[in-house]
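# Structural description and commentary
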There are 2 protein chains.
Amino acid sequence: MTNPIIGFIGLGIMGRPMAGHLLKAGYSLVVLDKNPVPVDELIALGAKKASSPKEVTAQSDVIITMLPDSPDVEAVALGEDGIIEGAAAGKIHIDMSSIAPASAVKVARALGEKGMRCLDAPVSGGQVGAQNAALSIMVGGEQAVLDEVLPIFQAMGKTITLCGANGAGQIVKACNQVQVALNIAGMCEALVLGAKAGVDPAIILQVLGGGYAQNRVMDVRGPKVVRGDFQPGFKSRFHFKDLNIILRTGADYGVELPVTTTVHQLFAELLDSGGGDLDHTGLITVLERLAKHEARTRIDG
Amino acid sequence: MTNPIIGFIGLGIMGRPMAGHLLKAGYSLVVLDKNPVPVDELIALGAKKASSPKEVTAQSDVIITMLPDSPDVEAVALGEDGIIEGAAAGKIHIDMSSIAPASAVKVARALGEKGMRCLDAPVSGGQVGAQNAALSIMVGGEQAVLDEVLPIFQAMGKTITLCGANGAGQIVKACNQVQVALNIAGMCEALVLGAKAGVDPAIILQVLGGGYAQNRVMDVRGPKVVRGDFQPGFKSRFHFKDLNIILRTGADYGVELPVTTTVHQLFAELLDSGGGDLDHTGLITVLERLAKHEARTRIDG
């Protein structure tokens, strides 16, 4: 596909900079978002706008969606005035949102019946990765389709991995969010235990970071957590959303995830206590409150 | 302390190579273990043997213990014919076992009343770290005492960190084992979820290892876990022991550790099913069995 026209639906904190990189790379862009601010910004940089996903699709060769959750993607793709109503053979839909694998499969099938080809391509790397065109992109779908749109991915990301058939990108994203959640939970429980026992948290980070306990979350976020800085990063309500998807997917595939389930409960408590806009490492505040509520005897050692 | 005579009690898979490094570094050694094999080996290399902790202590300036669990250390240090019966002012006791922080404090106090100075100095790095003199040593006690025995630690380890007062070394070791357990649990739940959904586990490791999900356990052990190789490494029954200490210590300090508690239950199931001698990453076999026992419908996506 030479010089494809790209439709871009969803211009939030991730989609806005991603679309910007596509413009910079020389692609023609048709954009859509409920919020006029990023739409106008991108128009000023040379993009056109459309009034519905149907219209975006009719005007584009490749349609990218970057939306909050599964129902949003299903509505934009399959709902009234959706992508499906502008569908035509040969067009490619790339959903870069993080959604339920089952939704990804459903959308790919429905659009596939209209002759479209689909990829699920969720990302990791967060807002900073989106701004720096350094995202890791996890792709589900056919190799041939990926080959066709590879330059588009390369304008937004650094690592692009074909994970399997449609839905596999979302599965690997789910696996990623399991491990990130447990990296966070481990750091938080370790720091609260150590701090309540009187050890300097900086020493805990230093020792743990030098051995088998090391993980990227602790390397990057540990010092901020110790300072009580929970400026996101990645908001805990988004990780909670991902954990909902993960547990539903586990249930779909008959996989019990007892540790992830426990972390999910802690994130629910974090959101209940008003911490949804904190960085996901703000999970430590839940553990700190639990520790405060305890009324057992203490060692004075 | 110039040319101290070192007593070494506990010559298991960790203690045996650690004592060997001290001999190689030129120290005079007095050794003790129930098992005559490592004792005879070290005698052949120039060590002397003694018949009780009391006798080891009487003949040594610095007494190192490297034993399985808290009751073993308390018995050797404070029991009949124990270190305390050979104690004298100026001698130093270094406990390098991984035990309950409360036990470390108890032993340090009791020996302190006899004029001895004490350090808790648990290690991480496992059997390979012990063999290569590459252990990370977490020290609790006074800086001046650490300064005095630093060359001894340097003969066995690469990273030596003073963590705080007596017991602080054990606290940081506990924190370390929390995070290692959660690194493992995350890898295991991610791999089981991904594999049951039909994704190649090698791809999961590759993608997760390149981003925020990265952790040292996955880097080192992930490929072995995927091959079903659970040759230790670090046996799950030792990690289970550490988790028992951690939960007890959490209770002592009024700290709830909900995620670690869930992992502890999974390790209990692993031991119940006869997996105590597997590497601690063998935890994945528990999750695989749970997934098999599920009888829910599956997506065919």
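Only a predicted model underlies this, so the values are computations on that prediction, with no experimental measurement involved.

### Some remarks on the packing of aromatic side chains
Residue and element names in this part refer to chain A. The final tally for this structure, using the stated rule, is 2 aromatic pairs over all chains. Measuring from ring centre to ring centre gives 6.1 Å for Phe234 and Phe238, while their planes differ by 50 degrees; the resulting arrangement is tilted. A residue is classified by how much of its surface remains accessible, and Phe234, at 23% relative accessible area, is partly exposed. Exposure remark for Phe238: the relative accessible area of 29% places this residue in the partly exposed category.

### Looking at the interface of chain B and chain A
Contacts between the two partners involve 75 residues from chain B, matched on the other side by 75 residues from chain A. Across the chain B to chain A interface the summed buried area is about 6300 Å²; carbon plus sulfur atoms make up 66%. Counting across the chain B and chain A interface gives 0 salt bridges. Between the two partners, chain B and chain A, sit 19 residue pairs in polar contact (both at pLDDT 80 or more). Tallied by class, the residues present in the side of chain B that touches chain A amount to 42 nonpolar, 22 polar and 11 charged.

### Thoughts on the domain arrangement of chain A
Residues and elements named next belong to chain A. Examined at the domain level, chain A breaks down into domain 1 (5-164) and domain 2 (171-290). Using only C-alpha atoms to locate each centre, domain 1 and domain 2 end up separated by 29 Å. Each side of the interface is counted separately: domain 1 has 13 residues, and domain 2 has 10 residues. Across the domain 1/domain 2 interface, buried area totals approximately 930 Å², and carbon plus sulfur atoms make up 63% of it. Three residues stand out in domain 1 for area buried against domain 2, namely Ser98, Pro101 and Met138, and they jointly supply 43% of the buried area on that side. Remark: the boundary between domain 1 and domain 2 carries 0 salt bridges. The interface formed by domain 1 and domain 2 contains 4 residue pairs in polar contact (both at pLDDT 80 or more). Only helix 6 (101-112) and strand 7 (123-124) provide two or more residues apiece to the side of domain 1 that touches domain 2. Partitioned by chemical class, the residues of the side of domain 1 that touches domain 2 number 9 nonpolar, 3 polar and 1 charged.

### Points about the environment of Gly157 of chain A
All names here are of chain A. Structurally, the position occupied by Gly157 is in strand 9 (residues 157-164). For Gly157, a relative accessible area of 7% translates into the label buried. With near-sequence residues (within four places) excluded, Gly157 lies in contact with Ala133, Ala134, Leu135 and Ile137.

### Comments concerning the nonpolar core
Ranked by size, the top nonpolar core spans 96 residues in total, and within it Leu208 and Val263 of chain A together with Leu208 and Val263 of chain B carry the most contacts. If we skip the residues at most four places from it in the chain, Val263 of chain A touches Ala181, Leu182, Ala185, Leu243 and Leu283 of chain A together with Val259 of chain B.

Procedures and definitions
Note that residues are indexed from 1 along each chain, following the sequence as it is written. To read the labels, note that chains go from A and ligands from 1, taken in the order they are written. Per-residue local features of the predicted model are confined to residues with pLDDT of at least 70, and side-chain atom pairs are confined, for both listing and counting, to 80 or more; whole-chain, interface and lining totals are unaffected and use all residues. Working from all heavy atoms in the structure, the side-chain values ignore hydrogens and water. Aromatic rings from Phe, Tyr and Trp, taking only the six-membered ring of Trp, are treated as a pair when their centres fall within 6.5 Å; an angle between ring planes under 30 degrees marks them as stacked, one over 60 as edge-to-face, and anything in between as tilted. In this scheme, a residue with accessible area under 20% of its type's maximum is buried, one over 50% is exposed, and one in between is partly exposed, where area comes from a 1.4 Å probe on protein chains only. Here, residues are in contact when the closest pair of their heavy atoms is within 4.5 Å. Here's the idea: put two parts together, see how much 1.4 Å probe accessible area each one loses, and the total over both is what we call buried area. A carboxyl oxygen of Asp or Glu within 4 Å of a side-chain nitrogen of Lys or Arg is what we treat as a salt bridge. Two N or O atoms form a polar contact when they lie within 3.5 Å of each other; inside protein one atom must be a possible hydrogen donor and the other a possible acceptor, and for residues adjacent in sequence the pair counts only when both atoms belong to side chains. In this classification, Asp, Glu, Lys and Arg are treated as charged, Ala, Val, Leu, Ile, Met, Phe, Trp, Tyr, Cys and Pro as nonpolar, and every other residue, Gly included, as polar. Domain start and end points were adopted from an automatic or database domain assignment. What counts as a helix is a DSSP run of H or I of at least four residues, what counts as a strand is a run of E of at least two, and both are numbered from the N terminus. We define the nonpolar core as a collection of buried residues of types Ala, Val, Leu, Ile, Met, Phe, Trp, Tyr and Cys that are connected through side-chain atoms lying within 4.5 Å of one another.

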